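Structure assessment
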Amino acid sequence: MNWHFVRSPHTLDAILALPVDAQLALLDLIDALEVDPYAVSEPFGIDDKVTREASFGDFGLLVMFVNPITQKITALSFTWTG
């Protein structure tokens, strides 16, 4: 499969607002998500195969939509508590 993480201007701005160690960890996660989002994420709430969550680094959490039809991954939110 050819998964694609949607990099909108808003998403890029939010990533750049994170500390450098969080940015690097998130970019590593995005690389892994584009290979197989189901292997590196878990259901967010009810397992509908669409709304997923994945941790990055020691303090990060990404919540996203994973669309199996379009093979696009869209960030809903990411949080860094470090």
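Now for a look at the structure at hand. For every chain, the first residue of the written sequence is number 1, and numbering continues from 1 along that sequence. Given that the model is predicted, a residue must reach a pLDDT of at least 70 before its local features are reported, and side-chain atom pairs must reach 80 or more before they are shown or counted; all residues, however, enter totals for whole chains, interfaces and linings. In computing side-chain properties, one takes all heavy atoms of the structure into account and sets aside hydrogens as well as water.

**Notes on the pairing of strand S4 (residues 60-67)**
Any two strands with at least two DSSP-identified bridges between them are counted as paired. Every helix listed is a DSSP run of H or I at least four residues long, and every strand listed is a run of E at least two residues long, numbered separately from the N terminus. Bridge count between strand S3 (residues 51-56) and S4: six bridges; the pairing is antiparallel. Along S4, the bridge assignment pairs Ser55 with Leu61. Following S3, the chain reverses through three residues before pairing antiparallel with S4; Gly57 in that reversal takes a positive phi of roughly 60°. With eight bridges connecting them, S4 and strand S5 (residues 72-80) associate as antiparallel partners. Counted as the bridge partner of Gly60 is Trp80 from S5.

**Section: unusual backbone geometry**
Positive phi, normally seen in glycine, also occurs at Lys49, with a value near 65°. When you line up the elements, Lys49 lands in the loop between strand S2 (42-43) and S3. In this structure, Gln71 is a non-glycine residue whose phi angle is positive, near 60°. If you trace the backbone, Gln71 turns up in the loop between S4 and S5.

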